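Survey of secondary and tertiary structure
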Amino acid sequence: MSFAFGIGIGTQNKQGEWLEVFYQQPVITPDDGLIEVARNVLEYQGGNHAVPATSDQLKALSDGLRQLGQMEQSTLAGKAADSRRPVVVTLLETDETAASTAEVYLKLHLISSRQARPHELKLDGIFGLLPNLAWTSEGAVDLNELPDRQLKARIEGRTLEVKSVDKFPQMTDYVVPKGVRIADTARVRLGAYVGEGTTVMHEGFINFNAGTEGTSMIEGRISAGVMIGKGSDLGGGCSTMGTLSGGGNIIISVGENCLIGANAGIGIPLGDRCKVEAGLYITAGTKVALLDDNNKLVEVIKARDLANKPDLLFRRNSQTGAVECKTNKTAIELNDELHANN
Ligand SMILES: CC(C)(COP(=O)(O)OP(=O)(O)OC[C@H]1O[C@@H](n2cnc3c(N)ncnc32)[C@H](O)[C@@H]1OP(=O)(O)O)[C@@H](O)C(=O)NCCC(=O)NCCS
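Residues numbered from 1 in each chain as written. Predicted model: local features only at pLDDT ≥ 70, side-chain atom pairs only at ≥ 80, totals over all residues. Heavy atoms only, no water.

1. Quick notes on the sheet that holds strand S6 (residues 133–136)
- A sheet is described by the order of its strands in space; here three strands give the open sequence S7-S6-S8, paired in antiparallel fashion. Every other strand in the sheet has two partners, leaving strand S7 (139–142) and strand S8 (162–166) as the edge strands with one partner each. Sheet twist, expressed as the average angle between the axes of neighbouring strands with direction ignored, equals 25 degrees. (Pairing = 2+ DSSP bridges. Helix = DSSP H or I, 4+ residues; strand = E, 2+ residues; numbered from the N terminus. Axes fitted to C-alpha atoms, helices over the stretch in contact; angles between N-to-C directions.)

Okay, structure coming up:
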């Protein structure tokens, strides 16, 4: 059984190097028949390959897939045969460290189309395979070619808008998963996993290999690798600590039905039904005073010892400045209207 398959239409620079690839119908664990057809048409011998495909090969692939009853993939191959942009068929037998830009894009599509969850795929080394590009109103442009493209556009009476300069494109130019609202599409990168019922407001951000399980209101930052449980909300401007730079090696996550207050932040994984007071940043080493129901001190421990524990309320005592933790008695009542997406 193979790991993944995708027929992609992409962009190359003048050197013929791939800049990006769009897979309209990426497939995880494709059935053997599909791989067999590709094997015959593309002379694919197994392993992990991104094979540039000619128009004739795509027509043959389309015919073979139709005979197999793979109608959607067949239609896609047929349409790709007429593409004015280069086409690649990416066949991954196993989930190994990616060796090409086309492979990385296929993996990012699998996550954003919810076929694979964050942390499930091998994504080491992807930065080196993702070129830093100008994402423009005319698609991806190699930065070395940008000045000429800008001039050409001006001479032809157009303006080339550069929407971002980055290694990752915005997710919605590739995948729009079902049942989501995203107020500012630039704030969700390809490779994000946006669960059904999630609303990402303008202030919210979701990095690749990170996301939400389901119903959530996201007005803060979900850093790479961070997963937010069902029914949990991130308040305006709050932050979840990533592990990519200086954040230590604890993988941060948020359990179900939590609230991280506005401008708050977490450097520990939270269990279910936890709340963090607006403005309070809890790092792993923060000393926390555990209080009983009568606000009496039980003990002082480090926040990392409370990792993944449920039903906690974190606050900074407004009189003493000490960080305190109590039992969260008011489990968050989900505001149905706030969470309604569809
Ligand atoms: C921490 C938080 C959850 C506490 O709210 P709460 O559970 O409703 O608690 P209350 O405000 O009713 O306060 C309960 C008691 O604790 C006290 N208290 C609350 N915060 C305190 C603090 N930081 N220091 C000392 N005492 C505090 C209150 O004065 C009150 O005391 P009392 O029992 O003597 O009347 C709330 O302040 C908060 O920050 N919510 C986040 C909201 C948010 O940011 N949403 C996202 C919007 S984008």
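Let's pick the thread back up.
2. Re the site of the ligand
- Near the ligand, the surroundings consist of 13 residues, among which Ala262, Glu277, Ala278, Arg316 and Ser318 are the closest.
- Measuring from a nitrogen atom of the ligand, one finds a side-chain N or O atom of Glu277 at 2.8 Å.
- Protein contacts shield 47% of the accessible area of the ligand, which totals 960 Å² for the unbound molecule.
- Top contributing element to the shell around the ligand by residue count: strand S26 (residues 312–316), with three residues.
- Along the lines of polarity and charge, the residues of the shell around the ligand split into four nonpolar, five polar and four charged. (Near = heavy atom within 4 Å. Polar contact = N/O pair within 3.5 Å; in protein donor to acceptor, adjacent residues only side chain to side chain. Areas by Shrake-Rupley, 256 points an atom, 1.4 Å probe, with all protein chains shown as cover. Nonpolar A, V, L, I, M, F, W, Y, C, P; charged D, E, K, R; others polar.)

3. Side note on the packing of aromatic side chains
- Counting across every chain of the model gives five aromatic pairs.
- Both rings, one in Phe127 and one in Phe208, keep their centres 5.8 Å apart while their planes meet at 75 degrees; by these two values the pair is edge-to-face. Here Phe208 lies in the loop between strand S12 (205–206) and strand S13 (210–212) and Phe127 lies in the loop between helix H4 (101–112) and S6, a separation of 81 residues in the sequence.
- By relative accessible area, which is 6% here, Phe208 ends up buried.
- An angle of 15 degrees between the planes, with centres 4.6 Å apart, marks the rings of Phe168 and Phe208 as stacked. Placement of Phe168 in the loop between S8 and strand S9 (181–182) and of Phe208 in the loop between S12 and S13 is noted, with a sequence separation of 40 residues between them.
- An aromatic cluster is defined as three or more aromatic residues linked by ring pairs; in this entry it consists of Phe22, Tyr105 and Tyr174. (Phe/Tyr/Trp six-rings, centres within 6.5 Å; stacked < 30°, edge-to-face > 60°. Buried < 20%, exposed > 50% of the residue type's maximum accessible area, 1.4 Å probe, protein only.)

4. Concerning the nonpolar core
- With 69 residues, the main nonpolar core has Ile260, Val276 and Phe314 as its most contacted residues.
- At seven residues, the largest contribution of residues to this core is made by H4.
- Split by domain, this core shows at least three residues from each of two domains, domain 1 (4–129) and domain 3 (171–340).
- Those residues within four positions of Ile260 in sequence are excluded, and the remaining contacts are Asp233, Leu234, Gly235, Cys238, Thr240, Val254, Gly265, Ile266, Leu270 and Val276.
- Of all hydrophobic cores here, the second largest spans 22 residues; its members include Ile7, Ile35, Ala80 and Val87. (Core = buried A, V, L, I, M, F, W, Y, C linked by side-chain atoms within 4.5 Å. Domains from an automatic or database assignment. Contact = heavy atoms within 4.5 Å.)

5. A closer look at the sheet that holds strand S10 (residues 192–194)
- Spatially, four strands are ordered S10-S13-S16-S19 in an open sheet, and the strand pairing comes out parallel. In this open sheet, the two edge strands, each paired with only one partner strand, are S10 and strand S19 (253–254).

6. What about the domain arrangement of the chain?
- Assigned domains of the chain: these are domain 1 (4–129), domain 2 (134–166) and domain 3 (171–340).
- Here the C-alpha centre of domain 3 lies 35 Å away from the C-alpha centre of domain 1.
- Each side of the interface is counted separately: domain 1 has 17 residues, and domain 3 has 24 residues.
- Viewed at the interface, domain 3 and domain 1 are joined by one salt bridge.
- A salt bridge links Arg117 to Glu213; the shortest N-O distance between them is 2.7 Å.
- Counting across the interface, domain 1 meets domain 3 through eight residue pairs in polar contact (both at pLDDT 80 or more).
- When residues of the side of domain 1 that touches domain 3 are traced back to their parent elements, those giving at least two are strand S2 (18–23) and H4.
- Split by residue class, the side of domain 1 that touches domain 3 holds ten nonpolar, four polar and three charged. (Salt bridge = Lys/Arg side-chain N within 4 Å of Asp/Glu carboxyl O.)

7. Overview of the UniProt feature "active site" (unreviewed entry) in the chain
- In the numbering used here, UniProt assigns the "active site" (unreviewed entry) feature to Glu219.
- Of note, Glu219 is situated in the loop between strand S14 (216–218) and strand S15 (221–222).
- Dropping the residues within four chain positions of it, Glu219 is found in contact with Met201, Glu203, Gly204, Leu234, Gly235, Gly236, Gly237 and Cys238. (UniProt positions renumbered as here; feature names shortened; annotations may be inferred.)

8. What about the packing of helix H1 (residues 32–42) against helix H2 (residues 55–67)?
- One can describe the packing of H1 onto H2 by two numbers: an axis separation of 9 Å at closest approach and a directional angle of 150 degrees. Here H2 runs roughly antiparallel to H1, going by the angle between their axes. The element H1 and its partner H2 pack so that their crossing is right-handed. Residues Leu34, Val37, Ala38, Val41 and Leu42 of H1 form the contact with H2, whose participating residues are Gln57, Ala60, Leu61, Gly64 and Leu65.
- Along the lines of polarity and charge, the residues of the contact of H1 with H2 split into eight nonpolar, two polar and no charged. (Parallel < 35°, antiparallel > 145°, perpendicular 65-115°, else oblique. Left-handed = near helix turned anticlockwise from the far one by under 90°.)

9. A word on H2
- For H2, with 13 residues, the first-to-last C-alpha span of 19 Å sits near the 18 Å given by 1.5 Å per residue.
- Taken together, the buried positions of H2 are occupied by Leu58, Leu61, Ser62, Gly64 and Leu65.
- Elements in contact with the buried residues of H2: strand S1 (4–12), H1, helix H3 (71–80) and strand S5 (87–92).
- Phi turns positive, to about 85 degrees, at Gly69, one or two residues after H2. (Expected span 1.5 Å × (residues − 1).)

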